[in-house]
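# Observations on chain architecture
Spelled out, the chains give:
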Amino acid sequence: MKRRRVLFVQLSHIRLLIKKFALVILFVVAFVMMLLNKTDTVLVDRTSSVATDVVSPVVDFLNLPAKGISFIYDYLKDLRLARRENKLLRAENRKLRLISERARSLEIENRLLAQLLNYKRPDEENLITARVIAEEGDAFSHSLIAYTGKGARPQKGQVVLTERGLVGRLDKVGHIYSKILLITDINSRIPVMIEKTRVRGILAGDNTLQPKLVFTPLFSEIKEGDRIVTSGVAGVFPSGLPVGVVSKVSQREIRVLPYADLDRVEYVKIVSYAQEENPAQVETEGGDE
Amino acid sequence: MNDSFSESLKLLLQRMMPLLSSIFLIAFSYVPFNVFFSSNVHASVSVACVYYWLLHRPDVFNLFSVFVLGLFEGALSSAPYGISVFQLLILYVFVSNLLKYFNGKSFEVMWAGFVLAEFVALFAKWFIASVFWAEFLPVQLLGFAFVVSVFAYPILTLINVFVQNSLMTDEA
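First things first, this report covers the structure right here in the doc. Within every chain, residues take consecutive numbers counted from 1 along the sequence as written. Chains and ligands are labelled by the order in which they are written, letters from A for the one and numbers from 1 for the other. For a predicted model such as this one, the threshold for reporting local features is a pLDDT of at least 70, and the threshold for listing and counting side-chain atom pairs is 80 or more; totals across whole chains, interfaces and linings nevertheless cover every residue.

### Concerning the pairing of strand E11 (residues 254-258) of chain A
Residue and element names in this part refer to chain A. Any residue whose C-beta has 12 or fewer other C-beta atoms within 10 Å is treated as exposed, any with 20 or more as buried, and any in between as partly exposed, C-beta atoms being built from the backbone. Runs of H or I in DSSP of at least four residues are treated as helices and runs of E of at least two as strands, each being numbered from the N terminus. Going residue by residue along E11, you find Ile254, Val256 and Pro258 tucked away on one face and Arg255 and Leu257 left uncovered on the opposite face. Strand pairing is defined by DSSP finding a minimum of two bridges between the two strands. Two elements, strand E10 (residues 242-249) and E11, share five bridges in a ladder whose sense is antiparallel. For Val246, the partnering residue across the bridge sits in E11 and is Val256. Between the antiparallel neighbours E10 and E11 lie four residues.

### Some remarks on the packing of helix H5 (residues 107-133) of chain B against helix H6 (residues 139-166) of chain B
Residue and element names in this part refer to chain B. All axes are obtained by fitting lines to C-alpha atoms, using only the stretch in contact for helices, and the reported angles, taken between N-to-C directions, cover 0 to 180 degrees. Interaxial distance between H5 and H6 falls to 10 Å at its minimum, and their mutual angle equals 150°. The orientation of H5 relative to H6 falls into the category roughly antiparallel. You can see that H5 and H6 cross each other, and the crossing is right-handed. Of the residues in H6, those in contact with Trp111, Phe114, Val115, Glu118, Phe119, Leu122 and Trp126 of H5 are Leu142, Ala145, Phe146, Ser149, Val150 and Tyr153. Residue type decides the class: Asp, Glu, Lys and Arg count as charged, Ala, Val, Leu, Ile, Met, Phe, Trp, Tyr, Cys and Pro as nonpolar, and the leftover types, Gly among them, as polar. Among the residues making up the contact of H5 with H6, the classes are represented as eleven nonpolar, one polar and one charged. Roughly parallel refers to an angle under 35 degrees, roughly antiparallel to one over 145, roughly perpendicular to one between 65 and 115, and oblique to any angle outside these ranges. By convention, the crossing between two helices is left-handed when the near helix turns anticlockwise from the far helix through less than a right angle, and right-handed when the turn is clockwise. Whether two residues are in contact is decided by their C-beta atoms, placed from the backbone, lying within 7 Å.

### A look at the sheet that holds strand E1 (residues 126-137) of chain A
All names here are of chain A. Pairing is antiparallel around the closed barrel formed by six strands, whose spatial order is E1-E2-E5-E4-E3-E12. Taken over all neighbouring pairs, the strand axes of this sheet differ in orientation by 40° on average, direction set aside. Bridging between strand E3 (residues 159-161) and strand E4 (residues 166-173) involves three bridges; their strand directions are antiparallel. If you follow Val160 over to E4, its bridge partner there is Gly168. Sitting on the sheet, helix H2 (residues 42-117) touches E1, strand E2 (142-147), E4 and strand E5 (177-182), and the angle it makes with E1 is about 75°.

Structure, rendered in structure tokens:
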């Protein structure tokens, strides 16, 4: 009887203590969570992936009414623009046919030259098309959550594209949902180059809408309007993927406007290149960031 | 027995309504509409909800609810886990201390209080995130978020008032 009372007193004491210091305890928990984030361990990665899988269905469910509103809006807009767009598309189609012919002959020429040089072609990519269910773009982070489905097995670090260009890379991979780190996020670093001059640099996000081009060689000629593509350095991103266009060149910084409309992405392509499947390389790239 | 069980379940649900509705609203703020506005226009829904419920129903919306909301937002966001919790805990301390001044005041006074609370919450998050990344985060988007949040507050309040009046009884 005595022992039970002692236990009761102790429990109530602990409960009182927890109640008294609850705020301090929760502040400490939040601080520890942030510190663990900084360490970037496998445990943190897995926990974040599970958390993404747990909370994303709520947002996915709420996408239904959003899709309805979006469909009605698009339908009405399409009706209004159909005639003009049709005319433009016909003209574009004529141009594209010519380009297609030219591309076909260039492809044949390229294959013949590659054979002559005994050049080994890079492996074909594997594609996963994913639907964007949540987006975030504020001063603190720029990311998307995409529904990749149960069957697909995307991997951390894989390249994410739209039809216009590079969007970012896979950051947290869950069983059904994955988080995509956009090229504008503060954690994003991508090796790029100027398409024309092949001047290399790093595209560094800083949570603004136009990432910075850094680590470019001194006195390199970079002009507004220059096209930026991935350089393929480090092996995570293949070379030649369209990224954006130089929008501002000043003494202090160079800014790049991404080709992909990052705040209006509906579907993305998650691309796996053979080179990326080396986890050591992916980790090195992630670690640098 | 069954009646009492369903009664207590109903009461529990009602007591959890502020937390559930806040989770619903935060999740909704992440839905991509791709129609009217860009994804860079984000109101601080969590701040508005915590502010409202702490002022109006501190008995059912407590420190634990604030912590859970922070965890939920942290899981959705790609900002470091824990930053949202930290921000909302700071807001909790701020609003808890201001409770006596705002109790029973008009909507305009509450709104002015929200302007102050939003400023404190955003600044706190900005400061913690800047320390975390050892780099000052851009203030333009932050200012934008502040303005959007201030103007979104009346709409969010309307939703919260609806939840309070229609989905909760006095017993809860």
